[in-house]
Amino acid sequence: MDIQACETVVAGGGIGGLAAALALSRQGAAVRLIEQASAFAEVGAGIQIGPNVTRILRAWGLETDLRRVAAFPQVLLARDARSGRELGRLPLGERAERLYGAPYACIHRADLHQLLLQAVQAQGVPLLLNQRLTDVDVCETGVALRTEQGLALQAALLVGADGLWSHSRAALGLHEPPRFSGHLAYRGLVPLQTPQPQAPVTVWMGERLHVVHYPVQAGHALNVVAIVHGQMPADLQDWDHTAHTAHLFQALGPIGRPLRQTLEAVPQWRLWALNDRTPLTAAAQMGRGPVALLGDAAHPMRPYLAQGAGMAIEDAQALAQCGAGPGAVAEWVERYAALRWQRNAQVQARAIRNGRIFHAQGPIRWGRNLAMGVLGARVMDVPWLYAGMQ
Ligand SMILES: Cc1cc2nc3c(=O)[nH]c(=O)nc-3n(C[C@H](O)[C@H](O)[C@H](O)COP(=O)(O)OP(=O)(O)OC[C@H]3O[C@@H](n4cnc5c(N)ncnc54)[C@H](O)[C@@H]3O)c2cc1C
């Protein structure tokens, strides 16, 4: 298969879909992207991107833009949510560059999305907005696609990057809905009067809760995420109210003053119910024939390893690299799925485990604190992850 002759449709224009469109078009593939929204507008808050991800953005020529909009924390601090005591620290900054050859960055989702969008537009990829994929039929020449708005497309390859509630998954016979994790994420941004582009990533750990904050927008704002256990709110679609700050403090229970002050500085909270899927168990769950899944469509995960978008970007790079090999589209997809599924499964599983460790109670909490204090960076670093795909 000549990747350049392969007409590819990417379904979904989130971080994963744009990354796929960019990686494939840079390789010379003829790509079209369809997105259900009528405009590209990322909601959400900050995300962390480890060296495994910034290395790829660098390879795509995006480092200068990344340096302009991201923040680059020098250290990750773990602290006790109640006492405020430091539990452990992992140097990031120069250490990440030295060990992993790329920086550890924190960025607002909208900034990363914009950066990818501009790069995709510069590649001349047609972006078809207001097109919601509804039908995928696998046929002799690839896939026949149809959108709710009546657009019909033929393609040799469909890249399903349509997120948590992916429609593309059905083409692989995957019909199970995602599951609610039992965890809720409250997210907010605190504007900073004095920019702090190198402020730490701080993880406050408490019983059945944790809070993470880090700088974004080149240090002009602090992104704050508080995770608590709870029920899926019935009014989630409408949930965007300052008044619900009281719910958060109630769910957190007793917390120390330094953490309380940071949380009280958040002018407005937004709420996310966290859903995921069980870790992948087979390559066929990532792609088969003319259909490849990518990002949350394939492997939505809890955000406790800060790698959901990161894995979508790694998927995109792997998909483009696999396309450079010999054989038909189906062989390309097979190589991609084989290369990616175990790493994604490992990250999904580690994210679940991290949640248990962050929220630990009793003896497990005691053991965690001891290990962090004694071993520090050795238990907090994740070399197999940050070193990138092998
Ligand atoms: C609280 C929280 C914190 C997080 N922190 C981090 C972090 O620190 N680091 C990190 O790497 N990740 C983090 N993540 C995860 C990350 O945000 C996601 O994994 C990532 O954004 C997934 O990108 P995606 O492109 O696969 O899916 P999405 O962003 O969901 O994009 C899917 C796109 O497809 C479109 N679409 C859907 N259905 C259709 C259809 N039928 N037809 C056409 N278009 C369609 C949607 O409109 C959307 O634009 C976090 C997530 C949460 C909730």
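Predicted model only: the values in this text are computed from it and were never measured.

1. Structural notes on the overall build of the protein chain
Secondary structure summary: the protein chain contains 12 helices and 18 strands in total. Whereas a compact globule of 390 residues would reach a radius of gyration of roughly 21 Å, the protein chain reaches 21 Å, a difference of no more than 12%. The buried share of the protein chain, taken over its 390 residues, is 55%. Put simply, 74% of the contacts in the protein chain that link residues at least 6 apart link residues at least 24 apart. Taken as a whole, the protein chain presents about 16300 Å² of accessible surface, with 52% of it coming from carbon and sulfur.

2. Considering the site of the ligand
With respect to spatial proximity, 29 residues lie near the ligand, and among them G16, E35, Q48, R109 and D296 are the closest. A distance of 2.6 Å separates an oxygen atom of the ligand from a polar atom in the side chain of E35. Measuring from an oxygen atom of the ligand, one finds a backbone N or O atom of A309 at 2.9 Å. At the level of secondary structure, the elements contributing two or more residues to the shell around the ligand comprise α1 (15–26), β3 (46–49), β12 (179–191) and α8 (308–323).

3. With respect to the nonpolar core
Among the nonpolar cores identified, the biggest contains 69 residues, and L57, W60, I107, L116, L158 and I313 are the most heavily contacted of them. Looking at this core, the element that brings in the most residues is α1, giving 8 residues. Every residue in contact with L57, bar those within four places of it in the chain, is listed here: I49, L62, E63, L66, L112, L116 and I313. Counting residues in each nonpolar core, the second largest holds 32 residues, with M205, V225, F358 and M372 among its members.

4. With respect to the sheet that holds strand β7 (residues 127–128)
As summarised here, the arrangement of the 6 strands in space is β7-β2-β1-β11-β18-β17, forming an open sheet in which the pairing is mixed. Of all the strands in the sheet, the pair left with one neighbour each is β7 and β17 (287–288). For strand β1 (residues 7–11) and strand β11 (residues 157–160), the ladder comprises 4 bridges, and the chain directions are parallel. Its bridge partner lying in β11, V10 is registered against V159. Across the sheet, α1 lies against β1, β2 (30–34) and β11, angled at about 165 degrees from β2, the strand it touches most. Lying on the sheet, helix α9 (residues 329–358) is in contact with β11, β17 and β18 (291–293); it crosses β18 at an angle near 20 degrees.

5. Notes on the packing of aromatic side chains
In this structure the tally under the stated criterion is 3 aromatic pairs. Aromatic side chains Y100 and Y386 sit 5.7 Å apart centroid to centroid with 65 degrees between the ring planes, which places their arrangement in the edge-to-face category. Pair noted here: Y100 is in helix α4 (residues 93–100) and Y386 is in helix α12 (residues 383–386), with a separation of 286 residues, a long-range link. The pair Y100 / Y386 is uniform in exposure class, with both members buried. Aromatic side chains Y186 and W269 sit 6.4 Å apart centroid to centroid with 85 degrees between the ring planes, which places their arrangement in the edge-to-face category. Of this pair, Y186 sits in strand β12 while W269 sits in the loop between α7 (257–264) and β16 (270–276), and the two are 83 residues apart along the sequence. Like W269, Y186 is buried. Joined through ring pairs, the aromatic side chains of Y100, Y104 and Y386 make up one cluster. Seen from the ring of W272, R187 lies directly overhead, with NZ or CZ sitting 4.6 Å from the centre.

6. Let's talk about the pattern of salt bridges
If the charged atoms of two oppositely charged side chains come close together, the side chains can form a pair. A complete count under the given rule lists 18 salt bridges for this structure. For R67, the salt bridge is made with E63, and the minimal N-O distance between the two is 3.2 Å. Of this pair, R67 and E63 are both found in helix α3 (residues 63–69), 4 residues apart, which corresponds to roughly one turn of the helix. Via salt bridges that share partners, R58, E63, R67 and E97 belong to a single interconnected network.

7. Describing empty space enclosed by the protein
Using a probe with the size of a water molecule, rolled over the atoms, empty space left in the structure can be pinpointed. Within this structure, the stated rule accounts for 1 cavity of 30 Å³ or more. Volume-wise, the largest cavity comes out at about 50 Å³. Considering the residues around the largest cavity, the lining is formed by P51, L90, P91, L92, R95, A96, Y100, Y104, D381 and Y386. The set of elements that each furnish at least two residues to the lining of the largest cavity consists of β5 (86–91) and α4. By residue number, the principal contributor to the lining of the largest cavity is α4, which donates 3 residues. A class-by-class count of the residues in the lining of the largest cavity yields 8 nonpolar, no polar and 2 charged.

8. Comments concerning the pairing of β3
Of the two faces of β3, the one carrying G46 and Q48 and the one carrying I47 and I49 are both buried. Note that β3 and strand β6 (residues 105–108) share 4 bridges and pair antiparallel. Considered in β6, the bridge of I47 is made with I107.

9. What to know about the pairing of β1
With 4 of 5 residues buried, β1 is to be regarded as a mostly interior element. Summarising the sheet, β1 and β2 pair through 5 bridges and their orientation is parallel. Bridged to T8 within β2 is V31. The parallel pair β1 and β2, bridged by α1, forms a crossover whose chirality is right-handed.

Calculation rules
Residues numbered from 1 in each chain as written. Predicted model: local features only at pLDDT ≥ 70, side-chain atom pairs only at ≥ 80, totals over all residues. Heavy atoms only, no water. Helix = DSSP H or I, 4+ residues; strand = E, 2+ residues; numbered from the N terminus. Rg over C-alpha atoms; globule rule 2.2 N^0.38 Å. Buried < 20%, exposed > 50% of the residue type's maximum accessible area, 1.4 Å probe, protein only. Contact = heavy atoms within 4.5 Å. Areas by Shrake-Rupley, 256 points an atom, 1.4 Å probe, with all protein chains shown as cover. Near = heavy atom within 4 Å. Polar contact = N/O pair within 3.5 Å; in protein donor to acceptor, adjacent residues only side chain to side chain. Core = buried A, V, L, I, M, F, W, Y, C linked by side-chain atoms within 4.5 Å. Pairing = 2+ DSSP bridges. Axes fitted to C-alpha atoms, helices over the stretch in contact; angles between N-to-C directions. Phe/Tyr/Trp six-rings, centres within 6.5 Å; stacked < 30°, edge-to-face > 60°. Lys NZ or Arg CZ within 6 Å of the ring centre and 35° of its normal. Salt bridge = Lys/Arg side-chain N within 4 Å of Asp/Glu carboxyl O. 1 Å grid on protein atoms, 1.4 Å probe; cavity = no way out; pocket = protein on both sides within 12 Å on 5 of 7 lines; lining within 4 Å. Points joined across faces, edges and corners; volume = space filled by probe spheres on them. Nonpolar A, V, L, I, M, F, W, Y, C, P; charged D, E, K, R; others polar. Right-handed = clockwise from strand over helix to strand, strands pointing away.

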